[in-house]
Amino acid sequence: MFTRSFQAIVCLFLFGVPLAAFATNGMYLIGFGAKSRGMGGASLALSEDSLVAATNPAGIAFAGNRLDIGLMLFNPQRRTACCNAPNGVVSGQTLFAIPNMGASLKLTDHLSAGFAFVGAGGGGTRYSYNFLGGNGALGITLFQAIMSPTVAYKVTDNVSVGFSPLFAIQQFRASGLQPFIQFSSDKKHVTNQGNDWAYGYGGRVGIQARFLHDRVAFGAAYQTELRMSKFDKYRGLFADHGQFNGPANFGIGLSIKPIDKLTVALDWQRVFYKRVPAVGNRSLPIVATPPPSFRNLGLDTGPGFGWQDISIYKLGVQYQWNSKLTLRAGFNFNTNPIRNEPGSGELEFNVLAPAVVQRHYTAGFTYALSRHSELTFAGMIAARSRMSVFIGSNTALPFPKRIEIEMRQSAAEMSYEYKF
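Every value quoted in this text rests on a predicted model; they were computed, and no experiment measured them. (Residues numbered from 1 in each chain as written. Predicted model: local features only at pLDDT ≥ 70, side-chain atom pairs only at ≥ 80, totals over all residues. Heavy atoms only, no water.)

Draft legend 1. Spatial organisation of the overall build of the protein chain. Within the protein chain, the regular secondary structure consists of five helices and 16 strands. In the protein chain, which comprises 420 residues, the share counted as buried stands at 57%. Of the roughly 16800 Å² of accessible surface on the protein chain, 62% is carried by carbon and sulfur atoms. (Helix = DSSP H or I, 4+ residues; strand = E, 2+ residues; numbered from the N terminus. Buried < 20%, exposed > 50% of the residue type's maximum accessible area, 1.4 Å probe, protein only. Areas by Shrake-Rupley, 256 points an atom, 1.4 Å probe, with all protein chains shown as cover.)

What follows is the structure, encoded as structure tokens:
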């Protein structure tokens, strides 16, 4: 029965992966797993479940023998006021299922192995009214899932190091972008080409150390840039002929137990969006009339979304109410990846991916069903964030003098954990 149930869950996860989208720290989720997300995403110095492998591979050395399976229902609300819709238009597609799965196993006193398979993030919009003047619905969608097989080694009883080779898959599609064709170096591969897939690899390393009888813990992890194959169907849209790599990131974390039942965790993370041309290249030249030919869409130097590198701050608290119930709460804040400079062109591009939310409030709890199993619930609300900019009249696109984008989000998640 367990084997059949496990196979069914795996199939559900695999078919659900393409729905994993609309992340919140830029294009990525605030954390992985219900326990982490209940604490605002703080997890670099904690080993509450096997999903820590998706953040800090060293953490599975302290996670024990376990299996974790979860599903989050995510509700992003996006609105744009611009172009032929000065009073605003709301994006459709507002409910998404984002699954995750992980396992860890202690092989020897020093060596542990495991994996995490997560819907890592993405972004996008779908407007039934094409306010840019193109044909049909307007929008883009990018989905990303990452598999992280992991090994961790305890250098001492209190210090571990870990490594995860990363295998990533991305799906992208765009529609209604006909006004952008005139700026492309490959006019046949800009919009309405259906779903395209990209595959890639990278790596993540981490360390976790515990002190003062486990009352203080430190964690740090670095993830390389994900080197992805190119979106060939959209090589006239993204910079570098359709290549959309995943950005590198680095983070450090600290957790403290001032009393036996209370844990306070704080993470800081830096995501390097500017190093990925499709995301970080500036958009300015495309709005000029005419745009410089050396900056046409699809070229190595072509326009991107103009995102900046961001810093992320995660604060979480956990309180063990009794032997069965553990309570959590958290706050997550990220600096805004989108520049807000008049005439820069960035906000014009980001009507398609309005990743402007910055403040996330979370809460959750775990209830032990037995000595071996437990259920965890988590919820998140991202406060409404809005950006607006006034632009000049020299644009070749149908933009008025003012553009406004806004987003707010909510999410609910449940996971099942089995310890063996």
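Draft legend 2. Representation of the pattern of salt bridges within the structure. Per the stated rule, a full pass over the model turns up ten salt bridges. One salt bridge in this structure joins arginine 66 and glutamate 374, with 3.6 Å as the shortest N-O distance. Residue arginine 66 is found in strand S1 (residues 66–82), and its partner glutamate 374 is found in strand S15 (residues 373–390); the two are separated by 308 residues along the sequence. When the shortest N-O distance is used, the salt bridge between glutamate 374 and lysine 419 registers 3.6 Å. With glutamate 374 in strand S15 and lysine 419 in strand S16 (residues 402–419), this residue pair connects regions lying 45 residues apart in the sequence. Among the residues examined, glutamate 374 registers a relative accessible area of 8% and is labelled buried. Since its relative accessible area comes to 31%, lysine 419 is described here as partly exposed. Through salt bridges with shared partners, a single ionic network connects Lys35, Arg66, Asp68, Glu374 and Lys419. (Salt bridge = Lys/Arg side-chain N within 4 Å of Asp/Glu carboxyl O.)

Draft legend 3. Structural view of the pairing of strand S11 (residues 262–271). Side-chain alternation along S11 places Thr263, Ala265, Asp267, Gln269 and Val271 on a buried face and Leu262, Val264, Leu266, Trp268 and Arg270 on a face that remains uncovered. When strand S10 (residues 249–259) meets S11, the two strands line up antiparallel, connected through nine bridges. If you follow isoleucine 252 over to S11, its bridge partner there is tryptophan 268. The turn joining S10 and S11, which pair antiparallel and follow one another in sequence, is formed by two residues. Note: S11 against strand S12 (residues 310–320), ten bridges, orientation antiparallel. By the bridge assignment, arginine 270 is partnered in S12 with serine 311. (Pairing = 2+ DSSP bridges.)

Draft legend 4. Just the nonpolar core, in detail. With 64 residues, the main nonpolar core has Phe172, Leu177, Phe231, Phe244 and Tyr273 as its most contacted residues. Mapped by element, the contributors of at least two residues to this core are S1, strand S4 (111–124), strand S5 (139–156), strand S6 (159–175), helix H4 (277–280), S12, S15 and S16. With sequence-adjacent residues up to four places away left out, phenylalanine 172 is seen in contact with Ile140, Thr141, Leu142, Gly194, Asn195, Asp196, Phe231, Tyr234, Leu237 and Phe238. (Core = buried A, V, L, I, M, F, W, Y, C linked by side-chain atoms within 4.5 Å. Contact = heavy atoms within 4.5 Å.)

Draft legend 5. Representation of the packing of aromatic side chains within the structure. Evaluated as defined, the whole model comprises eleven aromatic pairs. An aromatic cluster of three or more residues is present, and its members are Phe172, Phe231, Tyr234, Phe238 and Phe244. Geometry around phenylalanine 62 places arginine 210 over its ring, the cationic atom sitting 4.2 Å from the centre. In this structure, arginine 275 is placed above the aromatic ring of phenylalanine 272, and the distance from its NZ or CZ to the ring centre is 4.2 Å. (Phe/Tyr/Trp six-rings, centres within 6.5 Å; stacked < 30°, edge-to-face > 60°. Lys NZ or Arg CZ within 6 Å of the ring centre and 35° of its normal.)

Draft legend 6. Representation of the side chain of asparagine 56. Along the chain, asparagine 56 falls in the loop between helix H2 (34–38) and S1. Other than its neighbours up to four places away in sequence, asparagine 56 contacts Leu44, Arg204, Gly206, Ile207, Gln208, Gly219, Ala220 and Ala221.

Draft legend 7. Up close: the environment of tyrosine 201. Relative to the helices and strands, tyrosine 201 resides in strand S7 (residues 196–211). If sequence neighbours within four positions are ignored, tyrosine 201 has contacts with Leu166, Glu225, Leu226 and Arg227.

Draft legend 8. Highlighting the side chain of asparagine 334. Looking at the secondary structure, you find asparagine 334 in strand S13 (residues 325–334). When its relative accessible area of 0% is taken as the criterion, asparagine 334 is described as buried. When sequence neighbours within four positions are dropped, the list of residues in contact with asparagine 334 reads Thr24, Asn25, Gly26, Ile310, Ser311, Ile312, Val357, Gln358 and His360.

Draft legend 9. Examining the pairing of strand S8 (residues 216–223) more closely. Pairing analysis gives eight bridges linking S7 to S8, with the strands arranged antiparallel. Among the inter-strand pairings, alanine 209 is bridged to a residue of S8, identified as phenylalanine 218. The loop that links S7 with its antiparallel partner S8 comprises four residues; one of these, leucine 212, has a positive phi angle of about 50°.

Draft legend 10. A look at the environment of proline 337. Relative to the helices and strands, proline 337 resides in the loop between S13 and helix H5 (346–349). Linking proline 337 and valine 279, residues 58 residues apart in sequence, is a C-alpha distance of 9.8 Å.

Draft legend 11. Structural context of unusual backbone geometry. Its identity as a non-glycine residue notwithstanding, asparagine 192 has a phi of 55°, on the positive side. What makes asparagine 192 partly exposed here is its relative accessible area of 43%. The backbone phi angle of histidine 241 is positive, close to 60°, even though this residue is not glycine. Along the chain, histidine 241 falls in helix H3 (residues 239–242). According to the relative accessible area criterion, histidine 241 is partly exposed, its value standing at 35%.

Draft legend 12. Seen up close, the environment of isoleucine 310. Examined against the element boundaries, isoleucine 310 turns out to sit in strand S12. Once residues within four sequence positions are removed from consideration, isoleucine 310 is found in contact with Asn25, Gly26, Gln269, Arg270, Val271, Tyr273, Asn334, Thr335, Asn336 and Pro337.

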